[in-house]
Amino acid sequence: MTASSATPAGAVDYSTKIPNNVGLVDDQRVLKALEQWHPGYIDWWMAQGPDGFQSSDVYLRTAISIDPKGWAKFDYVKMPEYRWGILLAPQETERKVNFGAHKGEKAWQDVPGEYRAMLRRLIVIQGDTEPASVEQQRHLGKTAPSLYDMRNLFQVNVEEGRHLWAMVYLLHKYFGKDGREEADGLLQRRSGDVDQPRMLGAFNEVTPDWLSFFMFTFFTDRDGKMQLESLAQSGFDPMSRTCRFMLTEEAHHMFVGETGVGRVIERTCAAMKAAGIEDPYDIAKIRALGVVDLPTLQKKANLHFSLSLDLFGSEVSTNAANFYHSGVKGRFMETRIEDDHELSRATYPVLKLINGELKLVDEPALTALNMRLRDDYVKDCQGGINRWNKIIEKLGINFRIALPSVAFHRHIGEFKDVKASPDGRLLSDMEWIKGEAQWLPSKDDGDFIASLMEPCWERGKYANWIAAPKIGIDNKDGDFEYVRIARG
Amino acid sequence: MIDFQTTPQRYRHWKLQVDGDTAQLIMDVSEDAGLFPGYQLKLNSYDLGVDIELSDAIQRLRFEHPGVKVVILKSGKERVFCAGANIRMLAGSTHAHKVNFCKFTNETRNGMEDASAHSGLKFLCAIQGTAAGGGYELALACDHIILADDGSSTVSLPELPLLAVLPGTGGLTRVTDKRRVRRDLADAFCTTEEGVKGKRAVAWRLVDTTAPNSKFQAAVSDAATKLAATSIRRSGTTGITLPPLARQIEGDTVTYANVRVEIERASRRATITVQGPTSPVPASAGEMVALGDQFWPLACARDLDDAILHLRLNELDIGVLTFKTSGDALAVLAHDALLAAHADHWLAREITGFWRRLLKRIDVTSRTLVAQITPGSCFAGSLAELAFACDRTFMLSGNFPGDNRASAAITLGAANFGAYPMSNDLTRLQTRFLGEPASVAAAQSHSGKPLDAETCDELGLVTMAYEHIDWDEVRVFLEERASFSPDGLTGLEANLRFPGPETMETRIFGRLTAWQNWIFQRANAAGENGALKRYGTGQKAEFNRERV
């Protein structure tokens, strides 16, 4: 009897070097490929992972089972020793392809040759974002506003690392020699590198400070969530199962982003109250308190929202249509949508630029899938924004954070060649130049935020610009030592 | 009407920047400036309008910028070099337009290779981003290809997997014949939609080198310097200007300075009359340069080239083109002789090259080509090549009643024995006399003398020599011709015009184009549920699986 078949369903097999619930011990070909890939991954982690904390003990959650009730186990671990593994959501034996031309067929357990290139491309693009964000965030540990936040950063980082493993497993298991080459490529590209950049724009931007990190996890990781939600619908069952499990982890990233920004808002509003400042635009006075003024937060949100929208690609897209029709990538909550799941005749309203005006135009729904996913994303973002506004309201400050127009500051899609204000007015170049500093973070804003980024590593203490969380991770007490920093 | 005349000031899609030995030809296609409504030229995709500008730019590099040794062809857009011919344009075009479009783009790319081989104008292709389909085919027409090694820049020929058609501008042929890619690797390459990047692209010989983005400009400059060293062009040479042609379209007549086109719509015929030189031949190369665009061989070639393209694209129903000439045979020969005497002079070289390409353009024009050689004509030397390009030649023996001019003659010259090879690399006379090489020598021995109808008939230079009482046979022939299937004629003529050896060009125009045109007509590509029609809808094509 093999180790994997002796392991209870849902549990993770730790008998191999790579924890997994996919029976790697019986799959020598893939196990060997992954073991060969492993040293390169560790080299990458050491060179590109969190800078300065590789030998610190971090209180991290490790997945030990895919059972939704008990999959997380918390303990101190040195990040390079984190047990990255291959974890797929449980297989549903009767699962079907739920949309597109193959609707109703049994879900594919192997890659259909016809869609191999398409699937590989999707997996590589998704996979490329995972290590990219680790690279973007590698210097943030040094300016962490608390051990709690530092731990959350590292949790996000190791999970992005695990998501990379998840994609590499698919490449190794189902895509042969090309898959192995692509898996190596994922370790060779570097965020922001001129010669070998990451594949998508937002993943080559810098994450210079913690506010950017929180905004990134709120806005950009949420794009990741939407993409994973669509891929989780895939007729290619191993990808669906992989993405479903990744989504449980991605939820934590959203949490870090939303509560991170929320705590910054809370601290700013509290400091304004204490100092008797009513006007949220009295920026100099507010900044003098050592907190981030709300208009600057709005600018950061404008920036990260617009960069993240670009990740959805062109509103009308042949690729997206092909992915859907082939049964490879579905819609957000596909199985809960009430329609024919084929979209051969349906239309969907797409916001377009018609003679200088933004107008909704009905397009074939099949080619408008990027637009639809982006709409779902905007709704999802708005939920978080509403919760931020509740905090502001509760503390009695007269300010609301708002999502900018989808036409604002775009580099991809329908609005890439026009300038628009956050409220969606089309602007001349002069108007844009005049307004830009009010809408996007300026160098001065960046310098100010950078000036706040002083590390605060004392147990239970938080930097002045951010409030303490309501509850600790794993219900730990306020002064819990989330990271035991190894000095020297 | 599709107009083939343009100038750099009017370009919508290209920028031509000349700096000493080097020119940058930057492709930056305006999405909304397609030739027809109904499609957007996204991602540097092109239509005929884009290619007309490219062709014009190359022509200007030949004549207006003779000091340029290397053209760096690159994209003005980020992350995309060129996505090839616009699919929606192809899907929405008539079959005739698709074929004409492909033919013209093929001629432009062949013209780039011709410029490299004969004019010393070298092409360096600098690819950052994706070069897909026609985008990679454009690169294939260059002498040297550098691909950015950034993990995402690729070259590809995705036509078959994506659109169920073939690369239409020589891609398959250049991959195997020019770049000598191994056939099994070529097969893998042409069925991989996403293409090939980096080291593998070099290993498979799809590109010459790769360079990382940070060293890309340096690599391009280095390669440009090396390519420039292989050029026969001289730095600092001053060019001539190519002003717009004096063209008048009135009713069914198109008039140029040296060419007149008369269309007879009812009988679906056009007569193209070429006027021989009317001013004396320049005494020196210097005088030739001073005449510039007014120098007869150049002026005449420009007129005729535009006329042929006009008939091809704008007069689809005109099935028979009759060539006539008018003027002094000796003057034509004198101009030919001047070009030959100054074969090493840049302008003479460019004009000879222009005629070579123009005659090839006529060779591949899918209309019945007829020459009528009558008194007052000047089928001599280079203009006699027009007659040898034709499917049938009719010559009048003697005169029409009341005409007391000298009888019709053909006068052979050096131009008929090497200056203007066809795409099969043989002269038109060598091709004509493929089975009787001695006839070429016999014809050559008569060079320089006006040959009357009987002699031409004897030498095999004409199809028929008729006396005026029988001249009505020509009408009968033309009427009979008009009754045949235009498709059958196109196939027949294309097959009979190019006997003899295969070259890359004949393979591109013969085999590849014929296959492509067949595939373009099949339901699997062009039917309601075919790949071209379904492209962009997200729905997959439905194929008739029968292999034919």
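## As for the overall build of chain B
Then step 1. The number of helices and strands found in chain B is 22 helices and 23 strands.
Then step 2. A compact globule built from 548 residues would reach a C-alpha radius of gyration of about 24 Å, and chain B, at 24 Å, matches this within 12%.
Then step 3. Projected onto its principal axes, the C-alpha coordinates of chain B cover approximately 75 × 55 × 45 Å.
Then step 4. A burial count over chain B gives 57% of its 548 residues as buried.
Then step 5. Long-range pairs, those at least 24 residues apart, make up 75% of the contacts in chain B between residues at least 6 apart in sequence.
Then step 6. Within the structure as shown, chain B displays about 22000 Å² of accessible surface, and the carbon and sulfur contribution to it stands at 51%.
Then step 7. In chain B, which carries 59 positive and 65 negative side-chain charges, the distance between the mean positions of the two groups comes to 7 Å.

## Here we look at the overall build of chain A
Then step 1. A tally of regular secondary structure across chain A gives 13 helices and 7 strands.
Then step 2. Its C-alpha atoms give chain A a radius of gyration of 23 Å, near enough to 23 Å, the size a compact globule of 488 residues would have.
Then step 3. Expressed as lengths along the three principal axes of its C-alpha atoms, the size of chain A is roughly 70 × 60 × 40 Å.
Then step 4. In chain A, buried positions account for 59% of the 488 residues.
Then step 5. For chain A, restricting intrachain contacts to residue pairs at least 6 apart in sequence, the fraction spanning at least 24 positions comes to 71%.

## Some thoughts on the packing of helix α6 (residues 210-231) of chain A against helix α7 (residues 237-275) of chain A
A packed helix pair is summarised by two numbers, namely the angle formed by the two axes and the spacing between the axes.
Residues and elements named next belong to chain A.
Then step 1. Between α6 and α7, the shortest axis-to-axis distance is 8 Å and the interhelical angle comes to 155°. Put simply, α6 runs roughly antiparallel to α7. In the packing of α6 onto α7, the handedness of the crossing is left-handed.
Then step 2. Considered class by class, the residues forming the contact of α6 with α7 number 15 nonpolar, 5 polar and 6 charged.

## What to know about the domain arrangement of chain B
How big an interface is tends to be stated in terms of accessible area lost as the parts join.
Residue and element names in this part refer to chain B.
Then step 1. For chain B, the assigned domains are domain 1 (8-229) and domain 2 (248-494).
Then step 2. Taking only C-alpha atoms into account, the centre of domain 1 sits 33 Å from that of domain 2.
Then step 3. Taken residue by residue, the interface counts 15 residues in domain 1 and 17 residues in domain 2.
Then step 4. Of the roughly 1500 Å² buried between domain 1 and domain 2 on both sides combined, carbon and sulfur atoms contribute 53%.
Then step 5. Linking domain 1 to domain 2 there are 4 salt bridges.
Then step 6. Residue Glu 107 is joined to Arg 361 by a salt bridge in which the shortest nitrogen-to-oxygen separation is 2.5 Å.

## Remarks on the environment of Ala164(B)
Residues and elements named next belong to chain B.
Then step 1. Secondary-structure assignment places Ala 164 in the loop between α5 (159-163) and α6 (171-178).
Then step 2. Once the C-alpha coordinates of Ala 164 and Cys 102 are considered, the two residues, 62 residues apart in sequence, prove to be 16 Å apart.
Then step 3. Leave out the neighbours within four places in its chain, and Ala 164 touches Glu 159, Ile 519, Asn 524, Ala 525, Ala 531 and Phe 543.

## Topic: helix α5 (residues 176-188) of chain A
Then step 1. A rise of 1.5 Å per residue sets the reference length of α5(A), with its 13 residues, at 18 Å; its end C-alpha atoms lie 19 Å apart and thus fit the reference within 8%.
Then step 2. For α5(A), every residue scored as buried is listed here: Gly179(A), Glu182(A), Ala183(A), Gly185(A), Leu186(A) and Leu187(A).

## As for the environment of Ile433(A)
All names here are of chain A.
Then step 1. Among the structural elements, Ile 433 can be located in helix α12 (residues 429-439).
Then step 2. Residue Ile 433 is classed as exposed on the basis of its relative accessible area, which comes to 56%.
Then step 3. The spacing of Ile 433 and Lys 419 is 14 residues in sequence and 9.7 Å in space, taken between C-alpha atoms.

## Remarks on the interface of chain A and chain B
Then step 1. Contacts between the two partners involve 24 residues from chain A and, on the opposite side, 20 residues from chain B.
Then step 2. In total, chain A and chain B occlude about 1700 Å² of area from one another, counting both sides; carbon and sulfur atoms represent 35% of this.
Then step 3. Per-residue buried area on chain A facing chain B is highest for Asp195(A), Thr318(A) and His325(A); these three make up 28% of the total on that side.
Then step 4. Joining chain A to chain B, the criterion identifies 6 salt bridges.
Then step 5. For Arg200(B), the salt bridge is made with Asp178(A), and the minimal N-O distance between the two is 3.9 Å.
Then step 6. Summed over the shared surface of chain A and chain B, the number is 10 residue pairs in polar contact (both at pLDDT 80 or more).
Then step 7. Sorting the residues of the side of chain A that touches chain B by element identifies α3 (116-136), α5 and α10 (318-325) of chain A as the ones contributing at least two each.
Then step 8. Looking at the side of chain A that touches chain B, its residues break down into 7 nonpolar, 7 polar and 10 charged.

Rules and cut-offs
- Residues numbered from 1 in each chain as written.
- Chains lettered and ligands numbered in written order.
- Predicted model: local features only at pLDDT ≥ 70, side-chain atom pairs only at ≥ 80, totals over all residues.
- Heavy atoms only, no water.
- Helix = DSSP H or I, 4+ residues; strand = E, 2+ residues; numbered from the N terminus.
- Rg over C-alpha atoms; globule rule 2.2 N^0.38 Å.
- Buried < 20%, exposed > 50% of the residue type's maximum accessible area, 1.4 Å probe, protein only.
- Contact = heavy atoms within 4.5 Å.
- Areas by Shrake-Rupley, 256 points an atom, 1.4 Å probe, with all protein chains shown as cover.
- Lys, Arg positive; Asp, Glu negative; His and termini not counted.
- Charge placed at Lys NZ, Arg CZ, Asp CG, Glu CD.
- Axes fitted to C-alpha atoms, helices over the stretch in contact; angles between N-to-C directions.
- Parallel < 35°, antiparallel > 145°, perpendicular 65-115°, else oblique.
- Left-handed = near helix turned anticlockwise from the far one by under 90°.
- Nonpolar A, V, L, I, M, F, W, Y, C, P; charged D, E, K, R; others polar.
- Domains from an automatic or database assignment.
- Buried area = accessible area lost by both parts, 1.4 Å probe.
- Salt bridge = Lys/Arg side-chain N within 4 Å of Asp/Glu carboxyl O.
- Expected span 1.5 Å × (residues − 1).
- Polar contact = N/O pair within 3.5 Å; in protein donor to acceptor, adjacent residues only side chain to side chain.

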